[in-house]
Each structure stands twice: as C-alpha cells, then as structure tokens.
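Fold and contact review
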Amino acid sequence: MTFYTLKYIQNNQNADKAILYGLMLVAAFAMIIFTLLYLHNRFATRYRDLGIIALLFLMLFAGTQYEKYTQINTQSRRQRKLFLSLNQWQKMKALKTLMF
C-alpha cells in the first residue's frame, strides 16, 4: 500500500489548481479572440460559434471552481461544529468527574 506525505498531497493540489486556472485563461483568451474575429467579419458565423463554445468552457471551469469552494466551506463548517461539540462534551465530562 502506498502512503503519501502531506507535502506531496499539497503539491498535487496546487498543480491541479494551476492546470484549472490555465484552462480558464485559455478559454477566456479564445473567447476574446473569437469575439474579435466575429466582429471583424460578421458573415463568418463559425467565429461566433467558436466564441460561444469557449464561453461555455469558461463557465464549466468556473462552475467547477465554485463547487470546490462550496465543498471546502461546508467541510470547514462541519469541522468547526464537531470541534465545538467535542470541547463542550470534554468540559461536561470534566465537571462530572470533579463532582464525584
């Protein structure tokens, strides 16, 4: 069984984020280029279609980032709730042991 260090996992997470941000930049750049080409020659609808496809990719990547953001927030809220309840339980147990 392979075990990974914390540093390895953090580096892989950063690499995934960098790839996603790079794809978002490429999609945004492509959308801008295709929009300019469409405005230059309005009869070539292929540029409009390619611009729409680039916009959809950009929205897909942004939606993926937002989903990860909400998952992280939900997980941190749950951890805080668990931590607070464990602290309260620990204090309550400590008080019970002091009473008896």
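An account of the accompanying structure is given in this report.

Cut-offs applied
- Residues numbered from 1 in each chain as written.
- Predicted model: local features only at pLDDT ≥ 70, side-chain atom pairs only at ≥ 80, totals over all residues.
- Heavy atoms only, no water.
- Helix = DSSP H or I, 4+ residues; strand = E, 2+ residues; numbered from the N terminus.
- Rg over C-alpha atoms; globule rule 2.2 N^0.38 Å.
- Areas by Shrake-Rupley, 256 points an atom, 1.4 Å probe, with all protein chains shown as cover.
- Patch = residues over 30% accessible without salt bridge, like charges linked within 9 Å, V, L, I, M, F, W, Y side chains within 5 Å.
- Salt bridge = Lys/Arg side-chain N within 4 Å of Asp/Glu carboxyl O.
- Buried < 20%, exposed > 50% of the residue type's maximum accessible area, 1.4 Å probe, protein only.
- Lys, Arg positive; Asp, Glu negative; His and termini not counted.
- Charge placed at Lys NZ, Arg CZ, Asp CG, Glu CD.

Points about the overall build of the chain
A tally of regular secondary structure across the chain gives two helices and zero strands. Here the chain has a C-alpha radius of gyration of 25 Å; the compact-globule value for 100 residues is 13 Å, and the former is much larger. Seen along its three principal axes, the alpha-carbon backbone of the chain occupies a region of about 90 × 30 × 20 Å. A total accessible area of about 9,100 Å² is found for the chain, and carbon and sulfur atoms account for 67% of it.

Considering a nonpolar patch on the surface
A cluster of nonpolar side chains, namely Leu50, Ile53, Phe57 and Leu60, defines an oily patch on the protein surface of about 360 Å² accessible area. Of note, Leu60 is situated in helix 2 (residues 45-99).

What to know about the environment of Gln90
Structurally, the position occupied by Gln90 is in helix 2. Overall, the relative accessible area of 51% leaves Gln90 in the exposed class. As a C-alpha pair, Gln90 and Leu56 span 34 residues in sequence and 51 Å in three-dimensional space.

Focus on a positive patch on the surface
Residues Arg77, Arg78, Arg80 and Lys81 make up a contiguous surface patch of positive charge. With respect to the helices and strands, Lys81 occurs in helix 2. Judged by its relative accessible area of 65%, Lys81 falls in the exposed class.

Fair warning: the whole summary comes from geometry, so function is off the table for now.
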